[in-house]
Amino acid sequence: MAETFVQNTDDVVKFLTDQHNLIKDLFEEVLGASETEAREKAFADLRQLLAVHETAEEMVVHPRARKDVADGEAIVDARLKEEHEAKEFLSRLEKMDIGSQEFIDELKKFREDVVEHAQLEEREEFSHLQKNLDGDDLKRMAGAVQAAEAIAPTHPHAGVESAKANFALGPFASMLDRARDLIGAAVK
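Cut-offs and rules
- Residues numbered from 1 in each chain as written.
- Predicted model: local features only at pLDDT ≥ 70, side-chain atom pairs only at ≥ 80, totals over all residues.
- Heavy atoms only, no water.
- Phe/Tyr/Trp six-rings, centres within 6.5 Å; stacked < 30°, edge-to-face > 60°.
- Salt bridge = Lys/Arg side-chain N within 4 Å of Asp/Glu carboxyl O.
- Helix = DSSP H or I, 4+ residues; strand = E, 2+ residues; numbered from the N terminus.
- Buried < 20%, exposed > 50% of the residue type's maximum accessible area, 1.4 Å probe, protein only.
- Contact = heavy atoms within 4.5 Å.
- Expected span 1.5 Å × (residues − 1).
- Polar contact = N/O pair within 3.5 Å; in protein donor to acceptor, adjacent residues only side chain to side chain.
- Core = buried A, V, L, I, M, F, W, Y, C linked by side-chain atoms within 4.5 Å.

Participant: Even after reading the chapter, I still don't get the packing of aromatic side chains, so can you show me in this structure?
Facilitator: To describe a pair of aromatic rings, you give the distance between the ring centres and the angle between the ring planes. Following the criterion strictly, the structure yields three aromatic pairs and no others. Through pairs of rings, three or more aromatic residues link up here, namely F27, F89 and F110.

Participant: Whenever I open this one, the pattern of salt bridges confuses me. Can you help?
Facilitator: Side chains carrying opposite charge are able to pair once their charged atoms draw close together. Considering all chains together, one arrives at 15 salt bridges under this definition. A salt bridge links K14 to D18; the shortest N-O distance between them is 2.8 Å. Placement of both K14 and D18 in helix 1 (residues 12-32) is noted, with a separation of four residues, approximately one turn of the helix. We note a salt bridge from R64 to D137, for which the minimum N-O separation is 3.2 Å. In this pair, R64 sits in helix 2 (residues 36-68) while D137 sits in helix 5 (residues 135-151), placing the two residues 73 residues apart along the sequence. A relative accessible area of 17% means that D137 is categorised as buried. A single network of salt bridges, built from pairs that share partners, joins R64, D68, D137 and R140.

Participant: What's the story with the environment of I75 in this structure? I'm lost.
Facilitator: Tracing the backbone shows I75 in helix 3 (residues 72-94). Here the alpha-carbon distance between I75 and E124, two residues 49 residues apart in the chain, equals 7.1 Å. Ignoring any residue separated from it by four or fewer positions in sequence, one finds I75 in contact with V69, A70, E124 and E125.

Participant: Would you take a moment to explain helix 1 for this structure?
Facilitator: Between its first and last C-alpha atoms helix 1 spans 30 Å; for 21 residues at 1.5 Å apiece the expected length is 30 Å, and the two agree. The complete set of buried residues in helix 1 reads V12, V13, F15, L16, D18, Q19, H20, I23, L26, F27, V30 and L31. Considering only its buried residues, helix 1 is in contact with helix 2, helix 4 (101-132) and helix 5. Of the residues that open helix 1, the one with a side-chain oxygen 2.8 Å from the backbone nitrogen of V13 is D11.

Participant: Sorry if this is basic, but what is going on with the environment of F110 here?
Facilitator: Checked against the element boundaries, F110 lands in helix 4. Distance from F110 to A86, taken between C-alpha atoms, is 7.6 Å for residues 24 residues apart in sequence. Residue contacts for F110: discarding those within four places in its chain leaves F27, L50, A86, F89, L90 and L93.

Participant: Can you walk me through the nonpolar core in this structure?
Facilitator: Generally speaking, nonpolar side chains in soluble globular proteins are found buried as a group. Ranked by internal contacts, the top residues of the largest apolar core, which has 22 residues, are F43, L46, L93, F103, L107 and F110. At the level of secondary structure, the elements contributing two or more residues to this core comprise helix 1, helix 2, helix 3 and helix 4. Here this core gets six residues from one element, more than from any other, and that element is helix 2. V13, A56, I75 and L80 belong to the second-largest nonpolar core, a separate cluster that totals 21 residues.

Given below as structure tokens:
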């Protein structure tokens, strides 16, 4: 599994921005892998980080942005739509032959979408939270994001984009995903 927890845990914006950078690095690792086995491992790490990262944003950051960011409702609704589409895209990628050129081509398209989504979050949500919240709030949110990631599903689940849905379905999906990951690793 990719290391989902980054160095800075005192500021939710720094924490999540560092994860955005790690996600970009993992895309490069998948695309740069010369062997199928290395590509599979890097993709599993990428998939898992994307799943837990988005879940945490949906549970912690987006609800706060709805309240505290000007036009927060519209901004968050747009990000949730993108996250739903990303989960569907990632699910399709999971089913593809990782060694194929089609996988590489589709992954490149997916990377563009994910990078654009991250930039929008950073500009439209993170910067406003950074500017308007005090250090204690940013630290509390970082702790909440870490807690959410610890129990988040490790595979994409399109349709589970709200905080409410994540609280209701997330723990069960997480348990199944983590068992699936362990079983898959054992039978390789």
